Amino acid sequence: MKHTLLLKLALCAAILLTSAGADASNKDFKKLAKIDGVEHVHIGKLLLNLAAKNGGDINFGEDISISDKSGNVLKKIDTVDVYTCEEKNSAEQLSQQVRSILDGEGWEPLIDATDGEGYKSKIYQNHHGKHTTVIIFAEEDGEASLVVIDGKLDMAQLMEQMSKED
């Protein structure tokens, strides 16, 4: 997608903006992988913990990059799921189902943006107790990408880490 950098920035913003945790239903998201033309990558806790111990970089294609030198943020993430499609019909189905999920209970919009060239991005969160689910959804020219982040993030710890790195 043309706006890879914007998607990466959106991912960073979602991590920075999330201070509570969520217990949103992942079974709704798992159904998305069954749409013809949708590619799905699941990143589990073990890989995230290994990345946290080894300098904290995880890159998946052009659409997602999580960088965390201290490992403090990655330790708080339980899973990351990435759904992508480059076929117009698949992207439309994915978009329709994501909108349906976001219309469900508990989803709070953080960012909802559209540019003049037809690029759309949404960042939403759903939280319950100390668990958070953050989604980043981007669409453009018949392509779509969805990133689903589940975990427990501590904003105070994140801000402390950022001030130490300056």
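Residues numbered from 1 in each chain as written. Predicted model: local features only at pLDDT ≥ 70, side-chain atom pairs only at ≥ 80, totals over all residues. Heavy atoms only, no water.

Engineer: For the environment of His42, give the residues involved together with the corresponding values.
Structural biologist: Inspection of the secondary structure puts His42 in strand S1 (residues 39–43). Considering only alpha carbons, one finds His42 and Tyr83, 41 residues apart in sequence, at a separation of 8.9 Å. Not counting residues within four places of it along the chain, the set of residues in contact with His42 comprises Thr79, Val80 and Asp81. Only 2.8 Å separates the side chain of His42 from the side chain of Asp81, close enough to count as a polar contact. (Helix = DSSP H or I, 4+ residues; strand = E, 2+ residues; numbered from the N terminus. Contact = heavy atoms within 4.5 Å. Polar contact = N/O pair within 3.5 Å; in protein donor to acceptor, adjacent residues only side chain to side chain.)

Engineer: Give a detailed account of the nonpolar core, specifying residues and quantitative values.
Structural biologist: Core analysis: the largest hydrophobic core is formed by 18 residues, its most contacted members being Phe29, Leu32, Leu94, Ile135 and Leu146. Elements represented by at least two residues in this core include exactly strand S4 (77–85), helix H4 (88–102), strand S7 (131–140) and strand S8 (143–151). Among the elements that line this core, the one with the most residues is H4, at 5 residues. Dropping the residues within four chain positions of it, Leu32 is found in contact with Val38, Tyr83, Leu94, Gln97, Val98, Ile101 and Leu146. Formed by 14 residues, the second largest nonpolar core is a distinct cluster that contains Ala51, Val73, Ile77 and Val134. (Core = buried A, V, L, I, M, F, W, Y, C linked by side-chain atoms within 4.5 Å. Buried < 20%, exposed > 50% of the residue type's maximum accessible area, 1.4 Å probe, protein only.)

Engineer: So what about H4? Which residues, and what values?
Structural biologist: An ideal rise of 1.5 Å per residue puts 21 Å on 15 residues; H4 measures up with 21 Å between its terminal C-alpha atoms. Regarding H4, the residues found buried are Ser90, Ala91, Leu94, Ser95, Val98, Ile101 and Leu102. Along the long axis of H4, the arc covered by the buried residues comes to 135°, so they all point the same way. Counted as exposed and oriented over 90 degrees from the buried face of H4: Lys88, Asn89 and Gln96. On its buried face, H4 is in contact with helix H2 (27–30), S4, strand S6 (120–128), S7 and S8. (Expected span 1.5 Å × (residues − 1). Arc of directions from axis to C-beta.)

Engineer: So what about the sheet that holds strand S5 (residues 108–114)? Which residues, and what values?
Structural biologist: What the 6 strands build is an open sheet, ordered S1-S4-S8-S7-S6-S5; its pairing is antiparallel. Among the strands making up the open sheet, the edge pair consists of S1 and S5. When strand polarity is set aside, the average angle formed by the axes of neighbouring strands in this sheet is 10°. Pairing between S1 and S4: 5 bridges, direction antiparallel. From the neighbouring strand, His40 faces S4, where its bridge partner is Tyr83. Across the sheet, helix H3 (residues 45–53) is in contact with S1 and S4; its angle to S4 comes to roughly 110°. (Pairing = 2+ DSSP bridges. Axes fitted to C-alpha atoms, helices over the stretch in contact; angles between N-to-C directions.)

Engineer: Describe the pattern of salt bridges, listing the residues and the values that go with them.
Structural biologist: Oppositely charged side chains can pair when the atoms bearing their charge come close. Applying the stated criterion to the full structure yields 3 salt bridges. With a shortest N-O distance of 3.9 Å, Glu139 and Arg99 are connected by a salt bridge. With Glu139 in strand S7 and Arg99 in helix H4, this residue pair connects regions lying 40 residues apart in the sequence. Under the relative-accessibility criterion, Glu139 is labelled buried at 14%. In this structure, Lys122 engages Asp112 in a salt bridge whose closest nitrogen and oxygen atoms are separated by 3.1 Å. Residue Lys122 is found in strand S6, and its partner Asp112 is found in strand S5; the two are separated by 10 residues along the sequence. (Salt bridge = Lys/Arg side-chain N within 4 Å of Asp/Glu carboxyl O.)

Engineer: Could you give an account of the packing of aromatic side chains, with specific residues and numbers?
Structural biologist: One pass over the full model with this rule turns up 1 aromatic pair. Relative to Trp107, the ring of Phe29 lies with its centre 6.0 Å away and its plane at 85°, an arrangement referred to as edge-to-face. Residue Phe29 is located in helix H2, and its partner Trp107 is located in the loop between H4 and S5; the two are separated by 78 residues in the primary sequence. For the pair shown, Phe29 and Trp107 are each scored as buried. (Phe/Tyr/Trp six-rings, centres within 6.5 Å; stacked < 30°, edge-to-face > 60°.)

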